[in-house]
Amino acid sequence: MKDLFSVAGKTVLITGGTRGIGLMIARGFVEHGADVTIASRSKDACNEAVAELSQYGICKAIPADLGTEDGCKALATAFAATSKKLDVLVNNAGANWGAPIEEYPDSAWDKVMALNVKAIFHLTRTCLPLLYESASADAPARIINVGSIDGLHAPDLETYAYSSSKAAVHHLTRTLAKRLAREHITVNAIAPGPFPSKMMKATLEDFGEAIVSAVPLRRIGEPEDMAGVALYLGSRAGAYVTGAIIPVDGGMSTTL
Ligand SMILES: NC(=O)c1ccc[n+]([C@@H]2O[C@H](COP(=O)([O-])OP(=O)(O)OC[C@H]3O[C@@H](n4cnc5c(N)ncnc54)[C@H](OP(=O)(O)O)[C@@H]3O)[C@@H](O)[C@H]2O)c1
């Protein structure tokens, strides 16, 4: 069982892999010998992340805007041009929007639902042929979606579209897990608690102390916490787990 957690040689595609949680997951896979491709809208961010991660192993990038179905298809097509199979798809890219209930705009719903929910469906569907190439009963292909503890409990902040989108991510995860099990593809979601990132910067600056004191383990998440669960789900160790929503939150949602 010494290779139980190995992901060496696996092909991995990580959306939003240029910073924050996606970068934490990307670094974990790169350092453990996977062949990793990251995607995000900004070419510069892609180049910077590739330069950083290439110190540790194999990392490439494909700039893509996943806010539309066409953008998802373009990423899958570009990935297929360089890789004959996909072992692990990490649907991590996401956006948030906070505003008082009276002012919460319709456009926030469109933007957040398009990226956080619809992009997971569209990218997964267009990547299926490559996932089938990898999938077998002994070694299923993997899809890892990034949800949130805000999809498990009602958040304090006024992020109506975001928390609803994350509950949808969790249920889409279960629905896809049921359909794709027969294709030997597992589908799980990670539900992070507070992790440092651009998305969380203002929240951690304004409410950092209160957030830490609300976490039973009394700290925010670190890159190893996120990489660890992703490597578990991507390796032999996680092969019999599907349809699971795994909170990685220092006990915030699990001990409520
Ligand atoms: N940080 C936390 O505490 C926390 C907690 C719970 C859940 N999450 C979830 O974790 C995931 C990552 O969040 P994060 O905190 O790391 O946020 P982040 O720092 O804002 O990173 C978001 C990533 O997604 C990419 N992205 C944004 N819009 C995109 C689009 N339209 N097409 C393609 N890529 C796009 C960004 O790159 P570009 O701007 O270059 O496109 C960036 O790489 C999200 O799903 C988020 O909801 C985070």
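This text goes with the structure placed above it.
Just so you know, these numbers come straight off a predicted model, no measurement behind them.

Participant: How do you make sense of the site of the ligand when you look at a structure like this?
Facilitator: Close to the ligand lie 29 residues, the nearest being Gly16, Gly20, Ser40, Gly94 and Ser197. Secondary-structure elements contributing two or more residues to the shell around the ligand are helix 1 (20-31) and helix 6 (198-214). Partitioned by chemical class, the residues of the shell around the ligand number 13 nonpolar, twelve polar and four charged.

Participant: Would you mind going over helix 6 with me for this structure?
Facilitator: Across its 17 residues, helix 6 extends only 21 Å between first and last C-alpha, which sits more than 12% below the 24 Å expected from 1.5 Å per residue. A maximum bend of about 85° is found in helix 6 at phenylalanine 207.

Participant: Hey, could you run me through the sheet that holds strand 2 (residues 35-40) in this one?
Facilitator: By way of backbone hydrogen bonds, the strands of a sheet pair with one another, either parallel or antiparallel. With parallel pairing, seven strands are arranged side by side in an open sheet as 3-2-1-4-5-6-7. In this open sheet, the two edge strands, each paired with only one partner strand, are strand 3 (58-63) and strand 7 (245-248). Each neighbouring strand pair of the sheet contributes to a mean axis angle of 20°, computed without reference to strand direction. Two elements, strand 5 (residues 141-146) and strand 6 (residues 185-192), share six bridges in a ladder whose sense is parallel. Directly across from valine 146, in strand 6, lies its bridge partner isoleucine 190. Against the sheet, helix 2 (residues 43-53) makes contact with strand 2 and strand 3, and its axis sits at roughly 175° relative to strand 3, the strand it touches most. Of the strands in this sheet, strand 5, strand 6 and strand 7 are in contact with helix 5 (residues 160-180), which crosses strand 6 at around 165°.

Participant: What's the story with the nonpolar core in this structure? I'm lost.
Facilitator: A general feature of soluble globular proteins is that nonpolar side chains tend to end up buried together. Within the largest apolar cluster, 69 residues are counted, with the highest numbers of intra-cluster contacts made by Ile25, Ala26, Val36, Ile38, Leu75, Val90 and Ala230. If you tally residues by element for this core, the top one is helix 4 (residues 106-134), at nine residues. Leaving out residues up to four positions away in the same chain, alanine 26 has contacts with Ile14, Gly17, Val36, Ile38, Leu53 and Cys59.

Participant: Whenever I open this one, the pairing of strand 3 confuses me. Can you help?
Facilitator: If a strand is regular, its side chains alternate between the two faces of the sheet. Across six bridges, the pairing between strand 2 and strand 3 is parallel. Bridge pairing in strand 3 places threonine 37 opposite lysine 60. With helix 2 bridging strand 2 and its parallel neighbour strand 3, the resulting β-α-β unit is right-handed.

Participant: Even after reading the chapter, I still don't get the environment of glutamate 133, so can you show me in this structure?
Facilitator: Tracing the backbone shows glutamate 133 in helix 4. Using a count of 15 C-beta atoms within 10 Å as the deciding quantity, one classes glutamate 133 as partly exposed. Separated by 76 residues in sequence, glutamate 133 and glutamate 209 place their C-alpha atoms 47 Å apart. When sequence neighbours within four positions are dropped, the list of residues in contact with glutamate 133 reads Lys84 and Lys85.

Calculation criteria
Residues numbered from 1 in each chain as written. Predicted model: local features only at pLDDT ≥ 70, side-chain atom pairs only at ≥ 80, totals over all residues. Near = placed C-beta within 6 Å. Helix = DSSP H or I, 4+ residues; strand = E, 2+ residues; numbered from the N terminus. Nonpolar A, V, L, I, M, F, W, Y, C, P; charged D, E, K, R; others polar. Expected span 1.5 Å × (residues − 1). Bend = angle between axes of the 7 residues up to and from the residue. Pairing = 2+ DSSP bridges. Axes fitted to C-alpha atoms, helices over the stretch in contact; angles between N-to-C directions. Contact = placed C-beta atoms within 7 Å. Core = buried A, V, L, I, M, F, W, Y, C linked by C-beta atoms within 7 Å. Buried ≥ 20, exposed ≤ 12 C-beta atoms within 10 Å, placed from the backbone. Right-handed = clockwise from strand over helix to strand, strands pointing away.

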